[in-house]
Each structure stands twice: as C-alpha cells, then as structure tokens.
Amino acid sequence: MSKENPVKVKFYNGENIPLELHKVRVVQKLNLVPVERRLAALYEGGFNTFRLSTKDVFLDMLTDSGTNAMSDQQIAAMMQADDAYAGSQSFFRLQKAVEEVLKKKYFLPVHQGRAAENILSCAYIKKKGGLIPMNYHFTTALAHITQYGGRIVELLYGEAYNLSSSHPFKGNMDIEKLEQVIRETGVENIPFIRMEASTNLIGGQPFSIQNLREVRRVADKYGIRVVLDASLLGENAYLILQREPGFEHATMAEVIALMTGLCDIVYFSARKLSSSRGGGICTNDETIYRELEALVPLFEGFLTYGGISVREIEAMAVGLYETLDETMICQSPQYIEYLVKALSSQGVPMVTPPGVLGAHVDAMTLCGHIPQTQYPAGALAAAFYLVSGVRGMERGSISNQRDEEGNETYADMELLRLAVPRRVFTLSQIKYVEDRMVWLHRHRHLIGGLKFVYEPPVLRFFMGGLEPVSDWPSQLIAQFKKDFGDSL
Ligand code: F0G
C-alpha cells in the first residue's frame, strides 16, 4: 500500500525499513526490571497499565500524548518564551502558526484536547442537549458530550468494524446514514457533526478528503456546523498523500489546509498534534469565536495563555510548522507499518491496514477464549507487560463507559494499542516488541481474564483497579522462565 517513501532512499539489498532523517542528541536511560518485579507492579497497579510507574516500564507504548520527541528547534524556542499573563509574544507566535498551518484566523488556547471538548460541549450542548453525529467517538469527547446531556451516534461504514481489512479509509463517515440521522433527528437537535482525523479507537484509521467533502456538502444542505478533532491531523494528511487517488503529488500543507478548510471549527490536543503540551480551538467565523471566547477564562486561563505555560506555547507553535514536514510525520506510521506487517506475517491478529498512533493487536481474536465480560484487551495488555516490560494501552470495554442506566456496554473492538510516538524508539526496540508478542501469541492460552475491584464513575479506565480471575499470571511466568531462562 505504501507509495513512495518520503525519505526517498532505496536500499541496495531491497529491504523496506524505515530510515530516520534525524539523529538522537539527548537520551534517557531505560530499565528492564525482572519478570517477578513486573508481576508485583501489576498487582500494585490493579492490572491497569495506566497505574504503572515508569521505573517499572521498559518501552512506554501507552500513548503518543505528550511523549513524541521534541526537536532542537522546539527546545530552542522554549528558551525565548515571553512570560506575561496577558498579551504574551509567545501567544502571538502561536496564533500566527495556527493561521499559517491550519489557516484559521481566530484561536483559543486550552490546556489540552479534552478542555476543548469541554468548552464545545458547554457552549453547544449544555442548554439544549442534542445528538452529535460522528465518525466514531473518542473517550474524552464522549464523556464531555454526555456530561452536558448530549448523545452521540457513530456513523462509520460497516467495513470499519472489519479489523483485518485493506480499506484505506476506515475512518470515513457513512454519508447516507448521516442524511438519514439528520432527517430523523431534526436539524435543530444537532448542534454539530464531529469528524475525528485518524479515528483513534478503531486503530488510528484515516478518513479521505473525498469523504470530508461529502460530509461538508450534507452539512451545508442542512445548515449544520462541522467540527474537526485534529489531534491526529498530520498523520491523517500523510495517509491521504499515501492512499487517496489524486493526492499523489500534493503537499502536507495543501492537504492540511483542505481538511481544516472544510470544517467550521477545528480543535486539537497539541500533546499529539505538535509534540508538546496544550491544545486549542480555531475557526474563521467571528460568531463562533464570540460564542466560545468567554469560556476560556472561565475554565482555562486568560485568552493569551489558556492554562498552558508560555514555554509550551512556543514549542507548540514550532511543532505546528514541523507537522508540515512529511519526513518527520512519516516516521511513526512507517514504524507502525513495519510492526503490523512483521506481526501479521507471524500469525498475530493485527488491525489492518496499519494506521497511525500505534500498532493495534486484535485481542478479541488473540484471546478468543476470554469472554468480553472478562476484558480480553485489558488482560492482553497486562500479560504483554508481564512478558516484555512494554506498556501498551487497553482500548476495549474497560475504556467504554457504562450507559445511562449503569449497565456495562461492551466495545465494538477489543484492542491492545502499542503506541509508537514519533522519533522515540529504535528499530531494534521495535524488533524486541515483535519478538515478545510472537512468543505471547504462541502461549496465548495461558492468558486469563480480569475483573474490576475498583471502578471509578467517570473515565474508569484511567484509575480503575482489576485483578485476574485465576492465577494465570503465575502460569505465564512459569512458561516464560522455561523458554527464556534468566533472561529479562
Ligand atoms: N481527541 C483525540 C482523537 C485524542 O486522541 C485525544 C487524546 C483527545 C482528543 C484528548 O486530548 O489528552 O490532550 O486531552 N488521546 C490520548 C491517547 C489520550 O492516548 O490516545 P488530551
């Protein structure tokens, strides 16, 4: 599927491996603690990888959020930040970057992506409720919409739920269903349509420009606004260059401008989009700006810092420009493609085509013997940490929230996400991940289920506590020792 490598280097031996166009100048030492310590850490952390301490983690593949590598240019910019409560020059530099990269004139800074979701939900859902059609939910977006009394409807095509697919744009919205939902619900009950770039929870799958154009056409027909979650915008644009007919020779800047130009409101987590901290909401519509403006000082801070330090604002501005660099943006998707292909070819069920953010293991298939009531993706995340020291993230039913009556809702997919933050890991580390996952797949029958012992009412996956339903971790360790001896 992958077109020309943006790094434009061919290997004489025909090998197809990612080649980095950067060098490492600052490093952080890692620990690989013994398997017994990893077992103890799992019990201390309630079998929830969010609750592990990084001193017990070898490769941190939990997320790319705030963990992408920073560039020397970003660090340099942080040194010249302008500390001021109001009117900081750092803010104006960021505003200019938003205007030049995202092509939006009005910008509201917020402390991270979910703060933007809070503001949008507060402004447009709180008083009247309403239904938000979206390609697919993200955990924090859903939590904010429902907290303010709104509901969501997910409108992906059926193919998006096929985990081993070759469809290049599984994040596309079903246009016929969208029109049907609008007609049935009534325009007045739809505050906005939400499109998520590189749809996170289905395996970082992009949508196409063609699809976004169709969403825009329907939105215009009914007079509804389109909101873009641009947290993974750069990678979605990169995959458009790779996969969408007609965009073979387009640039990142052109595709990003097209995407944001088709949406009325663009919001993002800068923790992901521009490798730093913070977030923002931007628009070209002064009315929208006025509708949202007052909520920033209420929830975040003054309008020229929005709860973010000026140093982070500088890094965010530089990071936005860097998003236009295809040789930088390609780095994570290429590693992911490498890992997905390597694992798939050895029988490990992976979400295909390879998406962005991370490689996603299909835990429902891999742990087919574990019922969904015992959280196969959570169990796989715990088991993989145990045998490798690598921390992934459960993206399945534990990450789902209960319905209004308090009933458990089971996720469409049970995924273990192995995030590949940009420019952080080496190829030999990725090969280690491959090796341990292949081993675990061979011994998958030893993995058992989990049950909740502590369940917080909101976003339970963050701090929830679980325990194994049987003593399966000891059996897994016994097999590990048999095969690996005293190797870590
Ligand atoms: N939207 C998307 C698509 C995201 O992936 C995230 C965060 C957010 C919104 C919220 O942004 O964390 O800055 O408040 N995703 C992280 C992840 C947490 O690990 O996938 P935030």
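In this text the structure is predicted, and so the values were computed from the model without any measurement.

S.K.: How do you make sense of the pairing of strand β10 (residues 415–419) when you look at a structure like this?
M.R.: Looking down a regular strand, the side chains alternate between one sheet face and the other. Judged by how many residues are buried, β10 sits mostly within the fold: 5 of 5 residues are covered. Where strand β9 (residues 393–395) meets β10, 3 bridges bridge the pair, whose relative direction is antiparallel. Bridge pairing links Glu394 to Leu416 in β10.

S.K.: Where do I start with the site of the ligand in this structure?
M.R.: If you check the shell around the ligand, you find 16 residues, and the closest are Thr63, Arg114, Asp229, Ser269 and Arg417. Measuring from an oxygen atom of the ligand, one finds a side-chain N or O atom of Thr63 at 2.6 Å. At a separation of 2.8 Å, an oxygen atom of the ligand approaches a polar backbone atom of Gly113. Here the ligand, which alone exposes 470 Å², has 97% of that area covered by the protein. Elements that contribute at least two residues to the shell around the ligand include exactly α4 (113–124) and α10 (270–273). With 3 residues, the single largest contributor to the shell around the ligand is α4. Tallied by class, residues from the shell around the ligand come to 2 nonpolar, 7 polar and 7 charged. Two domains each put at least three residues into the shell around the ligand: domain 1 (35–64 + 328–484) and domain 2 (72–324).

S.K.: What should I look at first to understand the domain arrangement of the chain in this one?
M.R.: Reports of interface size often rely on the accessible area that becomes lost once the parts have come together. Under the domain assignment used here, the chain contains domain 1 (35–64 + 328–484) and domain 2 (72–324). The centre of domain 1, based on its C-alpha atoms, is set 28 Å off from the matching centre of domain 2. At the junction of the two partners, domain 1 supplies 32 residues and domain 2 supplies 40 residues. Of the roughly 2700 Å² buried where domain 1 meets domain 2, counting both sides, 56% is carbon and sulfur surface. Counting the surface domain 1 buries against domain 2, the share from its top three residues, Ile329, Val356 and Met413, is 21%. Counting across the domain 1 and domain 2 interface gives 3 salt bridges. Between Lys272 and Asp64 there is a salt bridge, with its nearest N and O atoms 2.7 Å apart. At the junction of domain 1 and domain 2, the tally comes to 13 residue pairs in polar contact (both at pLDDT 80 or more).

S.K.: What should I look at first to understand the packing of aromatic side chains in this one?
M.R.: How two aromatic rings sit relative to each other is given by the distance of their centres and the angle of their planes. Following the criterion strictly, the structure yields 18 aromatic pairs and no others. Seen in terms of ring centroids, Phe91 and Phe107 are 6.1 Å apart; in terms of plane orientation they differ by 20 degrees. Their pairing is stacked. Highlighted residues: Phe91 in helix α3 (residues 89–102) and Phe107 in strand β1 (residues 106–110), separated in sequence by 16 residues. Taken together, a centroid distance of 6.3 Å and an interplanar angle of 10 degrees make the contact between Phe107 and Phe268 stacked. Taken together, the positions of Phe107 in strand β1 and Phe268 in strand β6 (residues 265–269) put the pair 161 residues apart, joining distant regions of the chain. Judged by relative accessible area, which is 2%, Phe107 ranks as buried. Positioned above the aromatic ring of Phe461 is the side chain of Arg395, whose terminal nitrogen or guanidinium carbon lies 5.0 Å from the ring centre.

S.K.: Looking at this model, I keep getting lost on the side chain of Arg391. Mind explaining?
M.R.: Along the chain, Arg391 falls in the loop between α17 (376–388) and β9. Of note is the side chain of Arg391, whose polar atom sits 3.4 Å from the backbone oxygen of Leu52.

S.K.: Whenever I open this one, the state of the cysteines confuses me. Can you help?
M.R.: Counting across every chain of the model gives 0 disulfides. In this structure Cys122 is a free cysteine whose sulfur lies 19 Å from that of Cys282, the closest cysteine sulfur available.

S.K.: What is the right way to read the sheet that holds β9 from this model?
M.R.: Note: strands within a sheet are paired through backbone hydrogen bonds, in either parallel or antiparallel orientation. Ordered by their spatial adjacency, 3 strands build an open sheet running β8-β10-β9, and the pairing between neighbours is antiparallel. For this open sheet the edge positions go to β8 (358–362) and β9, each flanked by a neighbour on one side alone. Ignoring strand direction, the axes of neighbouring strands in this sheet form an average angle of 30 degrees. Of the pairings in the sheet, the one linking β8 to β10 comprises 5 bridges and is antiparallel in character. Across the sheet, residue Gly358 finds its bridge partner in β10, namely Ala419.

What counts, and at which threshold
Each chain carries its own residue numbering, running from 1 in the direction its sequence is written. Since the coordinates come from a predicted model, pLDDT governs what is reported: local features require at least 70, and pairs of side-chain atoms require 80 or more to be given and counted, while whole-chain, interface and lining totals use all residues. Calculated side-chain values reflect all of the structure's heavy atoms, with hydrogen atoms and water omitted. Note on exposure labels: buried denotes an accessible area under 20% of the residue type's maximum, exposed denotes more than 50%, and partly exposed covers the range between, all computed with a 1.4 Å probe on protein chains only. What counts as a helix is a DSSP run of H or I of at least four residues, what counts as a strand is a run of E of at least two, and both are numbered from the N terminus. One bridge is not enough; two strands pair if DSSP finds at least two bridges between them. Only a single heavy atom is needed: when it lies within 4 Å of a molecule or strand, its residue is near that molecule or strand. Any N or O atom pair separated by 3.5 Å or less is treated as a polar contact, with the protein-specific requirement of one donor-capable and one acceptor-capable atom, and with residues adjacent in sequence counted only for side-chain atom pairs. Note that accessible areas follow from Shrake-Rupley with a 1.4 Å probe, and for residues the cover is restricted to the protein chains shown. Amino acids are sorted into nonpolar (Ala, Val, Leu, Ile, Met, Phe, Trp, Tyr, Cys and Pro), charged (Asp, Glu, Lys and Arg) and polar (every other residue, Gly among them). Domain borders in the structure are assigned automatically or taken from a domain database. Any two residues whose heavy atoms approach within 4.5 Å at even a single point are treated as in contact. Summed over both partners, the accessible area (1.4 Å probe) lost when two parts come together is defined as the buried area. For this document, the term salt bridge refers to a Lys or Arg side-chain nitrogen within 4 Å of an Asp or Glu carboxyl oxygen. Any two of the Phe, Tyr and Trp rings considered here, Trp counted by its six-membered ring, make a pair once their centres fall within 6.5 Å; the pair's planes then place it as stacked at under 30 degrees, edge-to-face at over 60, or tilted in between. Here, a charge over a ring means that NZ of Lys or CZ of Arg falls within 6 Å of the ring centre while also lying within 35 degrees of the ring normal. Disulfides are defined as cysteine sulfur pairs within 2.5 Å. Axis lines are fitted to C-alpha atoms, over the contacting stretch for helices. Their N-to-C directions set the angle, which ranges from 0 to 180 degrees.

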